[in-house]
There are 4 protein chains.
Amino acid sequence: MSDRKPVFLVLGAGAGIGGQVAARFALGGYHAVLARRSDEAGLKRLVGQIEDAGGEASGMLVDASVDGTIENLVERVENEIGPIECALYNLGAQIGNRSLANTPHRTFELGWRLGCFGLFRLAHALLPRMVERGRGTMLVTSATAAVRGNEGQHSHAAAMGGRRMLCQTLNAEFARQGIHIAHIVIDGAVDAPDTLGKMLGNSFEDFKAAKGDDGVVDPAALAETYWHLAHQPRSCWSHEIDLRPWTDTPWWNDNPQSAINRN
Amino acid sequence: MSDRKPVFLVLGAGAGIGGQVAARFALGGYHAVLARRSDEAGLKRLVGQIEDAGGEASGMLVDASVDGTIENLVERVENEIGPIECALYNLGAQIGNRSLANTPHRTFELGWRLGCFGLFRLAHALLPRMVERGRGTMLVTSATAAVRGNEGQHSHAAAMGGRRMLCQTLNAEFARQGIHIAHIVIDGAVDAPDTLGKMLGNSFEDFKAAKGDDGVVDPAALAETYWHLAHQPRSCWSHEIDLRPWTDTPWWNDNPQSAINRN
Amino acid sequence: MSDRKPVFLVLGAGAGIGGQVAARFALGGYHAVLARRSDEAGLKRLVGQIEDAGGEASGMLVDASVDGTIENLVERVENEIGPIECALYNLGAQIGNRSLANTPHRTFELGWRLGCFGLFRLAHALLPRMVERGRGTMLVTSATAAVRGNEGQHSHAAAMGGRRMLCQTLNAEFARQGIHIAHIVIDGAVDAPDTLGKMLGNSFEDFKAAKGDDGVVDPAALAETYWHLAHQPRSCWSHEIDLRPWTDTPWWNDNPQSAINRN
Amino acid sequence: MSDRKPVFLVLGAGAGIGGQVAARFALGGYHAVLARRSDEAGLKRLVGQIEDAGGEASGMLVDASVDGTIENLVERVENEIGPIECALYNLGAQIGNRSLANTPHRTFELGWRLGCFGLFRLAHALLPRMVERGRGTMLVTSATAAVRGNEGQHSHAAAMGGRRMLCQTLNAEFARQGIHIAHIVIDGAVDAPDTLGKMLGNSFEDFKAAKGDDGVVDPAALAETYWHLAHQPRSCWSHEIDLRPWTDTPWWNDNPQSAINRN
């Protein structure tokens, strides 16, 4: 139990963004609570790395798609560790490109449970506590699919589009109560062994090599932006930001060759 | 059973947009199938009005939030009436403004079931049939909440934001297969007795009077735009359009008095 | 001098969108005034085609980049032909893709004069007259470059981005005075001999063939949407609409192969 | 002449954002070059404050609306002080709310010269130098008017809409050459004595008091976000970010009372 350090909670704490942001907050003086669905060994490794670096961290296994789990997590962290100063909702819902025919009803529903409903549940459980304290921050990792729906992304885009609008409704109600909500659009591939790495398997290293120097988002570098957002003074809060590697084409651009079609 | 007329199907056929668009399509030579959750008498009245005007129509009571219902509806219409040339997803999910604390989990989930999942289910059941025929149109009534999340709109905006991104993913997969998908952002109050009228009750007439001449969307006039979209030649299809009364401020504007803050 | 027909004025009346929309309005009972910078023979041909079809039309040569010309045009049309009921600003500013180094200052300025300032000048000259009459419509052809800036489009995108914001400010001031302003985003190649045709030269036919059936916007078909927008009742006005051929990828989508990068 | 410190150049260096960001970069080890149109005394004061704090700074008077001035400024700074590592285009074009009738042609043109063309000229003069060095940053202060056009903002919104699209075209060409371009949407009132302060005159203090604690953007706090953006590693660059005080309603929201109209 920490009675001095503010608490940082991340849902979706893999070895990519979730783990690196947790490490950054631990370095900055927070007690980092890392929650993820599975891989207890991997979770212990992340916690151990933070502790080895002199930080304070805890790990918890939580299946966020199950009713009650997020609610219990918030209660347990607040009771056993301390008031959550900053939470990061980092659960993804990317399942690769699938045609509509190959997107069953329950896949679509699970996408929504992880991509949208879980954030609603976290807000429901956590924000009233932050309101009572008159302050708090909720960071939300998001994706290009939150701002446009690409082919094959039926489940992911519908979930992320809901996530983005939910962030706006939460901000509209809670910003003036002192709660900062930031929606972070990651518009590029991340060097995340537990998500993209697993999707690509053996070809992950080739993929990164083909992207060139700094061609894939380094989650440790990205963590600085999360840290910055969480510490903006309340006279100048950002609600949305986008990020991508320098060599990637932003989502709104296409290549010049197609420009003769339109523009 | 009609073996000559193309079929128009609307989910959410109240006396506002749904009923009026059905009437417009019936007038234009379609057999209009009107589906709604309840009020059999109201449904019969709408069907009767279409028939009195010389059109062809059927009515069906369907609870779109229940698994299997939309799927059965599509199958029944295709088998008993004819191939659906154009479908309109017109189910709303507006429940008025509610704080997060007053938006229970199941309210949020129901909003998603009607606002987003139902459209996915309709697409799942209908689009493969349209692909086989090499053509078809899916119109989707949508709301300002699909493009920005206002305070108190947690459930509605999350559902509608998902709806809009889903329309984009469907369009990305199906447009080049000959299926036209159009997302219609209604950015104003509609003269709809069965939805806004019920929300406002006795004050509905006062509300409309206060808006002035043509200050509320006339659903019969609006139906012309639905008709137009459904009949654009495939060399120039629209994916998104917005509409509002002339006296309403578009969602992206605020009043000039606040302009000193920013701009 | 026509004392019976409402007047439709188009700036940028080539054989593509401008000419076809003029023809559609003439067919619908307007006196169409076609204004363009050069090619008197081509202009006479367009006017002649409209007259041959039983319509009423006039042609005027106007260099819209020169101060006073648009203003004089409006005055002359109103005095000699009749009150302008609907105007279409159809001047483009596309000069193909050019690197920043190959975009001289004066090119950038000319892009703005045609793409943005000309519309401001038209509004300045025309809208007060429409306000006095309590009604009117201003249609504005626009481009994908109005909503995103692609590589090589420095001049065009800066001009079109200004055009779009100007349409919004005009709408904010004039809609409630009875003037309908619609911004039309053409997000695809148009079968326009005088613009895209000249840019592509001999390869224009090959380009169109490669796009397949209905793979290029047919300006005559597109004209129906312009007509529809101009005749929406004021209880349901659209401010923005997008259009493209069925086989074209909308600007916000990219191809599925790149989706592994992000989404 | 500094041969050790990287150079930071700001155009539009008043006592608000421009001056504070300059001070932040000076504190961080840059030689700050402050350029503004007038008020030599005010400029000297800002430079003096930076020097008093132990920083290095220069001041230059430049009328950015005049041809050649920005170009000369870049050349002079590069030759006399050193390579510009980071430039901030901070010139505004806000002139308050004016009806179309009260926005003369030359006002609209001046808005474009300051709001859009000046940025193009800076990019034209500076980016080739940065490309040769393989790196550099261009920060661009922008306004809500860049993303929506409010009533009375004809000149400002048209200029800022062009500014935003220009930032996107520049980013599309230069990001992969190592130049980071960031467009910063300030969506709230700034505590800026030289701009908003002058507009409001004697009522400025009352205005700020009415906004409450931290109700106006503190430019010194805001400067941290500019600093952060300029130092993001190239694997995770942001192109756009928004900021506003916690108590301000974001531009896309309106107040709940109007929600019955739509949503």
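For clarity, every value in this text was computed on a predicted model and none was experimentally measured.

### Considering the pairing of strand β4 (residues 84–89) of chain A
Looking along a regular strand, one sees the side chains alternate between the two faces of the sheet.
Residues and elements named next belong to chain A.
Then step 1. Of all 6 residues that make up β4, 6 are buried, and the element is covered over most of its length.
Then step 2. In terms of strand pairing, strand β1 (residues 7–11) meets β4 through 5 bridges, oriented parallel. Residue pairing in the sheet places L11 in a bridge with Y89 of β4.
Then step 3. Of the strand pairs in this sheet, β4 and strand β5 (residues 136–143) are connected by 4 bridges, and their pairing is parallel.

### As for the relation of the copies chain A and chain B
Then step 1. Superposition of chain A onto chain B requires a rotation of 180° combined with a translation of 0.0 Å along the rotation axis, giving an RMSD of 0.0 Å. Such a combination of rotation and displacement between the chain copies is what one expects of a two-fold axis.
Then step 2. Most of the interface of chain A is mirrored in chain B, where 100% of its interface residues are also at the interface.

### Describing the environment of P6 of chain D
Residues and elements named next belong to chain D.
Then step 1. Relative to the elements of secondary structure, P6 occurs in the segment before β1 (7–11).
Then step 2. Residue P6 is classed as partly exposed on the basis of its relative accessible area of 30%.
Then step 3. Residues P6 and A32, spaced 26 residues apart in sequence, show a C-alpha to C-alpha distance of 8.7 Å.
Then step 4. Not counting residues up to four positions away in its chain, the partners in contact with P6 are G29, Y30, H31 and E85.

### Quick look at the interface of chain D and chain B
Then step 1. Contacts between the two partners involve 31 residues from chain D and, on the opposite side, 31 residues from chain B.
Then step 2. Here chain D packs against chain B, burying approximately 2,500 Å² in sum over the two surfaces, 43% of which is carbon and sulfur.
Then step 3. At the boundary of chain D and chain B, one finds 2 salt bridges.
Then step 4. With its nearest N and O atoms 3.5 Å apart, the salt bridge here joins D254 of chain B to R148 of chain D.
Then step 5. For the side of chain D that touches chain B, the secondary-structure elements that each account for two or more residues are α6 (196–200) and α7 (204–211) of chain D.
Then step 6. Its residues assigned to classes, the side of chain D that touches chain B comprises 12 nonpolar, 12 polar and 7 charged.

### Remarks on the interface of chain A and chain B
Then step 1. Taken together, the 40 residues of chain A in the interface contact 40 residues of chain B.
Then step 2. When chain A packs against chain B, the two sides together hide about 3,200 Å² of surface, and 67% of this comes from carbon and sulfur.
Then step 3. Where chain A meets chain B, there are 4 salt bridges.
Then step 4. Among the salt bridges present, the one from E151 of chain A reaches R176 of chain B, with a minimum N-O distance of 2.9 Å.
Then step 5. Here chain A is connected to chain B by 16 residue pairs in polar contact (both at pLDDT 80 or more).
Then step 6. Among the secondary structure elements, those contributing two or more residues to the side of chain A that touches chain B are α4 (105–133) and α5 (154–174) of chain A.
Then step 7. Per element, the largest residue contribution to the side of chain A that touches chain B is 13 residues, and it comes from α5 of chain A.
Then step 8. Partitioned by chemical class, the residues of the side of chain A that touches chain B number 20 nonpolar, 12 polar and 8 charged.

### Digging into the relation of the copies chain D and chain B
Then step 1. Take chain D, turn it by 180°, move it 0.0 Å along the axis, and it overlays chain B with an RMSD of 0.0 Å.
Then step 2. Both copies present the same face, since 100% of the interface residues in chain D are matched by interface residues at the equivalent positions in chain B.

### Overview of the side chain of Q153 of chain D
All names here are of chain D.
Then step 1. The residue Q153 is located in the loop between β5 (136–143) and α5 (154–174) in this model.
Then step 2. Look at Q153 and you get buried, because its relative accessible area is 1%.
Then step 3. Of the polar contacts made by the side chain of Q153, one reaches the side chain of H156; its length is 2.8 Å.

### Section: the nonpolar core
Then step 1. Membership of the largest hydrophobic core comes to 79 residues, with the highest contact counts inside it found for L127 of chain A together with L127 of chain B.
Then step 2. Per element, the largest residue contribution to this core is 13 residues, and it comes from helix α4 (residues 105–133) of chain B.
Then step 3. Ignoring any residue separated from it by four or fewer positions in sequence, one finds L127 of chain B in contact with L100 of chain A together with L122, M138, L170, F174, I179 and I181 of chain B.
Then step 4. V77, L122 and M138 of chain C together with I81 of chain D belong to the second-largest nonpolar core, a separate cluster that totals 78 residues.

### Examining helix α1 (residues 17–27) of chain B
Then step 1. Summarising burial for α1 of chain B: 8 of the 11 residues are buried, a large majority.
Then step 2. Taken together, the buried positions of α1 of chain B are occupied by I17, G18, G19, V21, A22, R24, F25 and A26 of chain B.

### As for the environment of Q20 of chain D
All names here are of chain D.
Then step 1. Residue position: Q20 is located in helix α1 (residues 17–27).
Then step 2. With relative accessibility at 28%, the residue Q20 sits in the partly exposed group.
Then step 3. In the structure, Q20 is positioned 198 residues away from D218 in sequence and 9.4 Å away in space, judged by C-alpha atoms.

### Some details on the environment of A101 of chain B
Residues and elements named next belong to chain B.
Then step 1. In this structure, A101 sits in the loop between β4 (84–89) and α4.
Then step 2. On the basis of relative accessible area, A101 is assigned to the exposed category, the value being 61%.
Then step 3. It is 23 Å that separates the C-alpha atoms of A101 and V147, two residues lying 46 residues apart in sequence.

### What to know about helix α2 (residues 40–52) of chain C
Residues and elements named next belong to chain C.
Then step 1. The end-to-end C-alpha distance of α2, which contains 13 residues, comes to 18 Å, matching closely the 18 Å that a straight helix rising 1.5 Å per residue would cover.
Then step 2. Residues of α2 that are buried include every one of G42, L43, L46, V47, G48 and I50, and no others.
Then step 3. In the core, the buried residues of α2 are packed alongside α1 (17–27), β2 (31–36) and β3 (56–61).
Then step 4. With its phi angle positive at about 90°, G54 sits one or two positions after the end of α2.

### What to know about unusual backbone geometry
Then step 1. The backbone of D39 of chain A shows a phi angle near 70°, a positive value even though the residue is not glycine.
Then step 2. One non-glycine residue, D214 of chain D, lies in the positive phi region at around 55°.
Then step 3. Take D214 of chain D: it is sitting in the loop between α7 and α8 (219–230).
Then step 4. For D214 of chain D, a relative accessible area of 38% gives the class partly exposed.

Conventions and cut-offs
Residues numbered from 1 in each chain as written. Chains lettered and ligands numbered in written order. Predicted model: local features only at pLDDT ≥ 70, side-chain atom pairs only at ≥ 80, totals over all residues. Heavy atoms only, no water. Buried < 20%, exposed > 50% of the residue type's maximum accessible area, 1.4 Å probe, protein only. Helix = DSSP H or I, 4+ residues; strand = E, 2+ residues; numbered from the N terminus. Pairing = 2+ DSSP bridges. Least-squares fit on C-alpha atoms with pLDDT ≥ 70 in both. Contact = heavy atoms within 4.5 Å. Buried area = accessible area lost by both parts, 1.4 Å probe. Salt bridge = Lys/Arg side-chain N within 4 Å of Asp/Glu carboxyl O. Nonpolar A, V, L, I, M, F, W, Y, C, P; charged D, E, K, R; others polar. Polar contact = N/O pair within 3.5 Å; in protein donor to acceptor, adjacent residues only side chain to side chain. Core = buried A, V, L, I, M, F, W, Y, C linked by side-chain atoms within 4.5 Å. Expected span 1.5 Å × (residues − 1).

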